[in-house]
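These are the residues of each chain, in order.
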Amino acid sequence: MSQFFTKSMARNIFYGGTLFSVLLFLALTFHTTWKVPQRSNAANLTEQVARGKHLWETRNCIGCHTLLGEGAYFAPELGNVYKRRGDAFIKVWIKAQPTKVPGRRQMPQFNFTDAQLDDLVAFLKWTSEINTENWPPNVEG
Amino acid sequence: MQLLQYKSQAVAKPYFIAAIGLFVGQILFGLIMGLQYVIGDFMFPAIPFNIARMVHTNLLIVWLLFGFMGAAYYLVPEESETELHSPLLAHLMFWIFLIAGALTIVGYLSVPYASLAEMTGNNLLATMGREFLEQPLPTKLGIVVVALAFLYNIGMTILKGRKTAITIILLTGLIGLAGFFLFAFYNPSNLVKDKYFWWWVVHLWVEGVWELIMGAILGFVLIKITGVDREVIEKWLYVIITLALVTGLVGTGHHYYWIGAPGYWQWWGGFFSALEPLPFFAMVVFCFNMVNRRRRQHPNKAATLWALGTAVMAFLGAGVWGFLHTLAPVNYYTHGTQITAAHGHMAFYGAYVMVVLTIISYAMPILRGREVNPERAQVLEMWAFWLMTVSMVFITLFLTAAGILQSWLQRIIPNPQSFMQVQDQLHIFYWLRELAGLVFLIGLGVYLYSFFAKDKPQTVEVSEPAPTATVASQPATT
Ligand code: HEM
Ligand code: HEM
Ligand SMILES: [Fe+2]
C-alpha cells in the first residue's frame, strides 16, 4: 500500500475524521442537554435535593455503592433504593451503621442530623425518578 | 555507541522511579480491598473500603501520569533532536506533583473524607466525591498547574526542534488529556448532567486521547528496537489514532444508556463503541508486523516483549472485554457488575500499565548508563512480565465468572435475589481473585528485584558496553 497510501493522506484522514466525529458528538450532546431537564424532572430539583447530592459526595458514598450503575461494586445500587426501601427504612439504616456483624461488609457511621437525612433521602427520591430507560431490570438493582 | 543522545532526557528517570513506587502502593491497596470483599470487616473502621478504593484508583492514575510525563521527557528531546526546553522546570514539577500526590493520599487515610472536603475548600467549588475525581480542590488545581508547565516545556521543545508524527501525536494526546481534565471542575447539581460530563474525563481519556499517547510511545519504542523505516511506522500511527477517535468520541454513548440521557444513545453508543476494538486490533497487527520486519536484532529482549504484550493485552482487555458488554441489550444486565470490574482491570493493565512499563523497560537501562540490562536482569524482568500478565488474566477471568453469576441471580432469573445475598454466593471467585492478586504482587516483586540483578561475574566483561562521555556526565541518582 506504500505508494498509493502515503503518510500525508493518512494524516489528512485523521484530521477530517476527527473533525467529523467531534461535530457529530457535539450535536448529540447539544440535543441531550436540551432533553435532560425533562428526563430528570429538573423542576423537582429543589435546594434540598442539591444539598443531598452534596452530602452524597462529601461522604464518598460512590466509593462503595453504584448510583445508576456507576461507582463501586461493593455495596448495593442506590439509584432505586428509594423505591426498594422507602423513606423511613433508609434513615433507620443509615443511623444504625455499622452493623458490626463479624465478617460482614461494614458501612461507616456518618453522624448525620435529621435534617441532613431528609436532604439525602430527597436526593435519592429525585434520583429514583430519573427516566433511565427502565434500568435496572428489577427492584433489586 | 552513544547512550543518552540528549543530556536533558535524564529528567525522565525520577518520573519513572516515582511511577514504579506508586504502582506498588496501588497493588497493596488492591489486595486490602480484595480481602474486604470476602472478610467484610477487615481493617474496618481504620480503612473503610471506599477509602482504600480511592487510594487504589488515584494511585493508578497518578503513576500512569508520572509514566506518561517521563515518557514524554525521554522521547521528545530524542525525536526533536534538541535538548529539553527547561530541565529545571521538569524537576520542579516532579517534586510538586509527588508532594501533592503524597499529601492527598495521606489526607485520604488520616482525615474523614467529609472533613477533608471541608478543610480544602470543597464548599467554594464542590468537585469531590465523584469516582476517580475524589481529589481535594488544591490537588486538582495542582494537577492543572503541573499539566500546564509540562505542556509548555514539551511544547517549546517540539517547536524549536524537528517535528515528527510521533511528537505531534503525543502532544495532541497530552493536550487532550489536560483539556478534558477541566471537566473535573464542572459539577452541576443535576446528577444526569454531572454524569454526562464526568465521562468526558473518564471515557474520553482512556478511549480517546490516551490512545494517542499510547500509540506515540509504542511507535517510538518500535522504531528504536526494530529499526523499521519511520515513514511506515508513522503512517500506521495515523491510521490507528483515526480509528481511535472516530470510534471513541461518539462511543462515549455506551455510558449514556441508563443515566437519564435520551434512548437514542443505545444506538449511537452501541454502534460506535462496537467499533472501538478496531484501533486496538490495528495496534496488534502493527506491532507484530514491525517486529517481524525488523532490520536489527535489538539486545533489549524484555522491551520487545513488553511492546508486543501491550498490544495483545490491550486488545483483549479493552477490545474483547469491552465489546462483551458494550451493546445495550447486554449492558442492561451487566451494567455496574463485576463484569465492569473485570474489564476495567484488564483494559487498564493491558493498555496503560503495560505501555508505561514498555517505555521504562526500553529507556531505564539507558538512563542508568547502559544500552541494555544484563542478561540475568532481563530474564527476571521477563519472568515478572509473565507473572503479572498471567495473574491479571486470571483476575479478569474470576471477576468475569463472578459477574456472570451476579447478573444471573440478581437481574435475570424470575425471583431475583438481593445484592448482598448474591455477593455471599460469589466468595469462591473473590478468594481466587485475591490469590491471583498475590501472584501479581510476587510478579511485581520480581520486577523490582530485576532492577538490581547483576550477571554472574564471568559474563560481565562480555556484555558490558564501554562507558561513554555522556554517561559519565549523568547525575548519580541511583
Ligand atoms: C493485583 C491485585 C489487585 C486487586 C486485588 C485489585 C482489587 C480491586 C478491587 C477490589 C477494586 C474495587 C472494585 C469495586 O468497586 O467493588 C478495584 C478497582 C479498580 N482497580 Fe484494582 N486490583 C488489583 C490490581 C489492579 C491493577 C494492576 C490495576 C490497573 C491496571 C487496577 C485497576 C483498577 C481500576 C481501574 C479499578 C476501578 C474499576 C471500576 O471502576 O470498574 N487494579 N481493584
Ligand atoms: C484501554 C482502554 C479502556 C480502559 C482503560 C477502560 C476502562 C474502563 C473502566 C475503568 C470502566 C469502569 C468505569 C466505572 O467505574 O464506571 C469501563 C467501563 C466500560 N467500558 Fe471500558 N475501558 C477501555 C476500553 C473500552 C472499549 C474499547 C470498550 C468497548 C468496546 C469499552 C466498554 C466499556 C463499557 C460498555 C463500560 C461500562 C460498563 C458498565 O456498564 O458498567 N471499554 N471501562
Ligand atoms: Fe467507555
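Residues numbered from 1 in each chain as written. Chains lettered and ligands numbered in written order. Predicted model: local features only at pLDDT ≥ 70, side-chain atom pairs only at ≥ 80, totals over all residues. Heavy atoms only, no water.

## Comments concerning the overall build of chain A
The helix and strand tally for chain A stands at 5 helices and 2 strands. Secondary structure elements of chain A occur, N-terminal to C-terminal, as α-α-β-β-α-α-α. Relative to a compact globule of 141 residues, whose C-alpha radius of gyration would be 14 Å, chain A shows 22 Å and is clearly more extended. Projecting the C-alpha coordinates of chain A onto the three principal axes gives extents of approximately 70 × 40 × 30 Å. Evaluated residue by residue, chain A yields a buried proportion of 52% over its 141 residues. If you take every contact in chain A between residues at least 6 apart in sequence, the share linking residues at least 24 apart comes to 56%. Here chain A has roughly 6,800 Å² of accessible surface; of this, 61% comes from carbon and sulfur atoms. (Helix = DSSP H or I, 4+ residues; strand = E, 2+ residues; numbered from the N terminus. Rg over C-alpha atoms; globule rule 2.2 N^0.38 Å. Buried < 20%, exposed > 50% of the residue type's maximum accessible area, 1.4 Å probe, protein only. Contact = heavy atoms within 4.5 Å. Areas by Shrake-Rupley, 256 points an atom, 1.4 Å probe, with all protein chains shown as cover.)

## Notes on the packing of aromatic side chains
Inspection of every chain in the model, using the stated rule, returns 57 aromatic pairs over all chains. Aromatic side chains Phe25(A) and Trp265(B) sit 6.3 Å apart centroid to centroid with 75 degrees between the ring planes, which places their arrangement in the edge-to-face category. Pair noted here: Phe25(A) is in helix H1 (residues 7–39) and Trp265(B) is in helix H9 (residues 265–274), and the two residues belong to different chains. Just as Phe25(A) is buried, Trp265(B) falls in that class too. Pairing Phe181(B) with Phe185(B) gives two aromatic rings, centres 6.0 Å apart and planes at 85 degrees, and the pair type is edge-to-face. Each of the two residues, Phe181(B) as well as Phe185(B), counts as buried. One aromatic cluster in this structure is built from Phe25(A), Phe183(B), Tyr186(B), Tyr196(B), Phe197(B), Trp200(B), Tyr256(B), Tyr264(B) and Trp265(B). Stacked on the ring of Tyr37(B), the Lys or Arg Arg433(B) has its end atom at 5.0 Å from the ring centre. (Phe/Tyr/Trp six-rings, centres within 6.5 Å; stacked < 30°, edge-to-face > 60°. Lys NZ or Arg CZ within 6 Å of the ring centre and 35° of its normal.)

## Regarding the environment of Phe97(B)
One can find Phe97(B) in helix H3 (residues 87–110). What Phe97(B) contacts, discounting residues up to four positions off in sequence, is Val62(B), Leu65(B), Phe66(B), Met69(B), Ile143(B) and Val146(B).

## As for the confidence of the model for chain B
Low pLDDT marks stretches whose predicted atomic positions should not be read closely. Residue and element names in this part refer to chain B. Looking at chain B as a whole, its pLDDT mean stands at 95, while 95% of the residues score no less than 70. Here residues 466–478 is a poorly scored stretch, pLDDT under 50, and it has 14 contacts once near neighbours within four places are set aside; other chains count. With a pTM of 0.95, the predicted complex shows an ipTM of 0.98. (pLDDT = per-residue confidence, 0-100.)

## Overview of the coordination of the iron atom of ligand 1
Residues and elements named next belong to chain B. The protein atoms donating to the iron atom of ligand 1 are His56 (NE2) and His345 (NE2), with metal-donor distances spanning 2.0 Å. Each of the 6 donor atoms bound to the iron atom of ligand 1 contributes to angles spanning 84 to 179 degrees, and the resulting shape is octahedral. Of this pair, histidine 56 sits in helix H2 (residues 49–80) while histidine 345 sits in helix H13 (residues 338–367), and the two are 289 residues apart along the sequence. The buried category is assigned to histidine 56, whose relative accessible area is 11%. Judged by relative accessible area, histidine 345 falls into the partly exposed class, the value being 29%. (Donors = N, O, S within 2.8 Å, 3.2 Å for Na, K, Ca; no water. Tetrahedral: all angles 85-135°; square planar, octahedral: opposite > 155°, others 65-115°.)

## Brief notes about the UniProt feature "transmembrane region" (unreviewed entry) in chain A
Taken from the UniProt record, the annotation "transmembrane region" (unreviewed entry) applies to residues 12–34 of chain A. Structurally, residues 12–34 of chain A comprises 100% helix and 0% strand, and the distance from its first C-alpha atom to its last is 33 Å. (UniProt positions renumbered as here; feature names shortened; annotations may be inferred.)

## Looking at helix H11 (residues 301–324) of chain B
For H11(B), which comprises 24 residues, the first-to-last C-alpha distance of 33 Å matches the rise-based estimate of 34 Å (1.5 Å per residue) to within 8%. If you check the start of H11(B), you find a side-chain oxygen 3.4 Å away from the backbone N of Ala302(B), and it comes from Asn300(B). (Expected span 1.5 Å × (residues − 1). Polar contact = N/O pair within 3.5 Å; in protein donor to acceptor, adjacent residues only side chain to side chain.)

## What to know about the site of ligand 1
Neighbouring residues of ligand 1: 28 residues in total, closest Tyr37(B), Arg53(B), His56(B), Glu131(B) and His345(B). In this structure ligand 1 sits where residues from chains A and B come together. His56(B) places a side-chain nitrogen or oxygen 2.7 Å from a nitrogen atom of ligand 1. Within the contact set of ligand 1, a nitrogen atom lies 2.8 Å away from a side-chain nitrogen or oxygen of His345(B). Elements with a contribution of two residues or more to the shell around ligand 1: helix H1 (12–38), H2, H13, helix H14 (375–412) and helix H16 (427–450) of chain B. By residue class, the composition of the shell around ligand 1 is 17 nonpolar, 7 polar and 4 charged. (Near = heavy atom within 4 Å. Nonpolar A, V, L, I, M, F, W, Y, C, P; charged D, E, K, R; others polar.)

## Quick look at the side chain of Asn331(B)
With respect to the helices and strands, the residue Asn331(B) is situated in helix H12 (residues 328–334). Relative accessible area serves as the criterion here: at 8%, Asn331(B) is assigned to the buried category. In contact with Asn331(B), not counting residues within four places along its chain, are Trp135(A), Tyr257(B), Trp258(B) and His325(B).

## Side note on the nonpolar core
Residues and elements named next belong to chain B. Within the largest apolar cluster, 211 residues are counted, with the highest numbers of intra-cluster contacts made by Trp63, Phe68, Tyr73, Tyr74, Trp210, Met388 and Tyr447. Ranked by residues supplied to this core, first place goes to helix H7 (residues 191–226) with 25 residues. Dropping the residues within four chain positions of it, tyrosine 73 is found in contact with Gln9, Val11, Ala12, Tyr15, Leu84, Ala90, Phe150, Asn153 and Ile154. (Core = buried A, V, L, I, M, F, W, Y, C linked by side-chain atoms within 4.5 Å.)

## A closer look at the coordination of the iron ion (ligand 3)
All names here are of chain B. Bound to the iron ion (ligand 3) on the protein side are His203 (ND1), Glu207 (OE), Glu207 (OE), His254 (NE2) and His255 (NE2), at distances that span 2.1 to 2.8 Å. Counting the intervening residues between successive donors of the iron ion (ligand 3) yields the motif H-x3-E-x46-H-H. Between the iron ion (ligand 3) and the iron atom of ligand 2, the interatomic distance is 4.3 Å. Taken together, the residues histidine 203 in helix H7 and histidine 254 in the loop between helix H8 (230–251) and H9 connect sequence positions 51 residues apart. In this structure histidine 203 comes out as buried when scored by relative accessible area, which is 0%.

## Overview of the interface of chain B and chain A
With 84 residues of chain B in contact, the opposing surface of chain A contributes 72 residues. Together chain B and chain A conceal approximately 6,500 Å² of surface at their shared face, both sides included; 65% is due to carbon and sulfur atoms. Considering only the side of chain B, the residues that lose the most area to chain A are Leu191(B), Lys235(B) and Tyr238(B), jointly responsible for 10% of the buried surface there. At the junction of chain B and chain A, the tally comes to 4 salt bridges. Between the two partners, chain B and chain A, sit 33 residue pairs in polar contact (both at pLDDT 80 or more). Broken down by element, the side of chain B that touches chain A gets its largest block of residues, 12 residues, from H7(B). Across the side of chain B that touches chain A, the residue classes break down as 47 nonpolar, 25 polar and 12 charged. (Buried area = accessible area lost by both parts, 1.4 Å probe. Salt bridge = Lys/Arg side-chain N within 4 Å of Asp/Glu carboxyl O.)

## Here we look at the layout of surface pockets
Empty space within the second largest pocket amounts to approximately 680 Å³. Mapped onto the lining of the second largest pocket, the elements with two or more residues apiece are helix H3 (81–85), helix H4 (87–96) and helix H5 (114–128) of chain A together with helix H15 (419–424) of chain B. Per element, the largest residue contribution to the lining of the second largest pocket is 4 residues, and it comes from H4(A). (1 Å grid on protein atoms, 1.4 Å probe; cavity = no way out; pocket = protein on both sides within 12 Å on 5 of 7 lines; lining within 4 Å. Points joined across faces, edges and corners; volume = space filled by probe spheres on them.)

## Observations regarding the environment of Val22(A)
Structurally, Val22(A) can be placed in helix H1. As a C-alpha pair, Val22(A) and Leu45(A) span 23 residues in sequence and 31 Å in three-dimensional space.

## Some remarks on the site of ligand 2
What surrounds ligand 2 is a group of 27 residues, the closest being Glu131(B), His335(B), Gly336(B), Thr340(B) and His343(B). Looking at the residues close to ligand 2, they fall on chains A and B. Separating a nitrogen atom of ligand 2 from a side-chain N or O atom of His343(B) is a distance of 2.8 Å. Among the elements of the structure, H7, helix H10 (277–292), H11 and H13 of chain B are those that each provide at least two residues to the shell around ligand 2. It is H13(B) that provides the largest number of residues to the shell around ligand 2, a total of 7 residues. Of the residues that constitute the shell around ligand 2, the class distribution is 12 nonpolar, 12 polar and 3 charged.

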